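Notes for the structure review
What follows is the residue order along each chain.
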Amino acid sequence: SSGPAVSFSSLGNTYAKSYLPYVATEIMVSDQNRQVIAFGCNPFDTTLPQDKMVVRWCDSNDPTNWDASDTTKNAGEQRLSSGAYIVTAVQNREEILIWTDSSLYTMTYSGPPYGYGFNFVGSNFDIIGPNSKVVTGSIAYWMGSNNFYLYDGKISPMPCTVRDYVFTDISVNDGDKVFLS
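Okay, so let's go over this structure. (Residues numbered from 1 in each chain as written. Predicted model: local features only at pLDDT ≥ 70, side-chain atom pairs only at ≥ 80, totals over all residues. Heavy atoms only, no water.)

**A closer look at the packing of aromatic side chains**
This structure, assessed with the given rule, holds 9 aromatic pairs. On the basis of an interplanar angle of 75° and a centroid distance of 5.2 Å, the ring pair of Trp57 and Tyr116 is categorised as edge-to-face. In this pair, Trp57 sits in strand β3 (residues 54-57) while Tyr116 sits in strand β8 (residues 115-123), placing the two residues 59 residues apart along the sequence. Assessed through its relative accessible area of 3%, Trp57 is described here as buried. With a centroid separation of 5.9 Å and an interplanar angle of 35°, the aromatic rings of Trp57 and Phe118 are classed as tilted. Placement of Trp57 in strand β3 and of Phe118 in strand β8 is noted, with a sequence separation of 61 residues between them. Residue classification places Phe118 among the buried residues on the basis of a relative accessible area of 19%. Aromatic ring contacts, followed pair by pair, group Trp57, Tyr109, Tyr116 and Phe118 into a single cluster. (Phe/Tyr/Trp six-rings, centres within 6.5 Å; stacked < 30°, edge-to-face > 60°. Helix = DSSP H or I, 4+ residues; strand = E, 2+ residues; numbered from the N terminus. Buried < 20%, exposed > 50% of the residue type's maximum accessible area, 1.4 Å probe, protein only.)

Rendered as structure tokens:
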């Protein structure tokens, strides 16, 4: 049986402002170890505003514990360095893929005490919107503002016979309306 539900508001305003991400571009729960992960969120340091390049995760045993300074837990945070903001993230079989406005990173669970490792995969491409990606098996496909791409361990542009037709007549400002499924 489960215990009583814990409301973040019942933990007190100080706790919520000090530890929990209170603003984020995207939130997901890791399939691998059930940790809550916030992308493009406020950093652990509450004196700083939202940083759209920060990734934070809760402790694996306690979704209410986001204290990155507690070395006995594995909550943590990482600031990505390539790009201006995180656009979106998705899980595939072995890793979480994170797209910034100009780059792709992988995020893999490494266990305590670090939680996750991050690898820069590449840059000089983009993703047109937060829903313009899909994962099939362990391959991710996405639409950029001028090409289609796939990631199978490396980034490759996809050959496409309708590429010129699609990208000649698309408004990149409407990229948030693109949805792949």
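**Brief notes about the pattern of salt bridges**
Tallied over the entire structure, the rule returns 5 salt bridges. Here Arg79 makes a salt bridge to Asp51, at a shortest N to O gap of 2.6 Å. Here the residue Arg79 occupies a position in strand β4 (residues 76-79), and Asp51 occupies one in the loop between β2 (36-39) and β3, the gap between them amounting to 28 residues. When its relative accessible area of 47% is taken as the criterion, Arg79 is described as partly exposed. Judged by its relative accessible area of 18%, Asp51 falls in the buried class. Of the charged contacts in the structure, one is a salt bridge between Lys154 and Asp152, with a shortest N-O distance of 3.9 Å. For Lys154, a relative accessible area of 51% puts it in the exposed group. (Salt bridge = Lys/Arg side-chain N within 4 Å of Asp/Glu carboxyl O.)

**Let's talk about the environment of Leu180**
Topologically, Leu180 is positioned in the segment after α2 (163-168). Judged by its relative accessible area of 23%, Leu180 is partly exposed. Considered as a pair, Leu180 and Tyr114 are 66 residues apart in the sequence and their alpha carbons are 33 Å apart. When residues no more than four places from it in sequence are discounted, the contact partners of Leu180 are Asn131, Ser132, Lys133, Val134, Tyr141, Trp142 and Met143. (Contact = heavy atoms within 4.5 Å.)

**Section: the side chain of Gln35**
Residue placement: Gln35 occurs in the loop between β1 (26-29) and β2. Within the structure, Gln35 has its side chain in polar contact with the backbone oxygen of Cys58 (distance 2.5 Å). For Gln35, the residues in contact, after removing those within four places along its chain, are Met28, Val29, Ser30, Trp57, Cys58, Asp59, Ser60, Asn74, Tyr109 and Tyr116. (Polar contact = N/O pair within 3.5 Å; in protein donor to acceptor, adjacent residues only side chain to side chain.)

**A look at the environment of Cys58**
With respect to the helices and strands, Cys58 occurs in the loop between β3 and β4. Separated by 62 residues in sequence, Cys58 and Phe120 place their C-alpha atoms 22 Å apart. With residues near it in sequence (within four places) discarded, Cys58 still touches Gln35, Val36, Pro63, Asn65, Trp66, Asn74 and Ala75.

**Observations concerning the nonpolar core**
Nonpolar side chains tend to gather and get buried jointly when the protein is soluble and globular. Among the nonpolar cores identified, the biggest contains 15 residues, and Ile37, Phe39, Val55, Ile98 and Met107 are the most heavily contacted of them. Counting residues per element, the ones that place at least two in this core are β2, β3, β5 (86-91), β6 (96-100), β7 (103-111) and β8. In this structure Ile98 touches Phe39, Val55, Leu80, Ile86, Thr88, Ala89, Ser103, Leu104, Tyr105, Met107 and Phe118, once residues within four positions along its chain are discounted. Ranked by size, the runner-up nonpolar core spans 11 residues in total, among them Val87, Trp99, Trp142 and Tyr151. (Core = buried A, V, L, I, M, F, W, Y, C linked by side-chain atoms within 4.5 Å.)

**Points about the sheet that holds β5**
One open sheet accounts for 4 strands, arranged β5-β6-β7-β8; its pairing is antiparallel. Among the strands making up the open sheet, the edge pair consists of β5 and β8. Each neighbouring strand pair of the sheet contributes to a mean axis angle of 25°, computed without reference to strand direction. (Pairing = 2+ DSSP bridges. Axes fitted to C-alpha atoms, helices over the stretch in contact; angles between N-to-C directions.)

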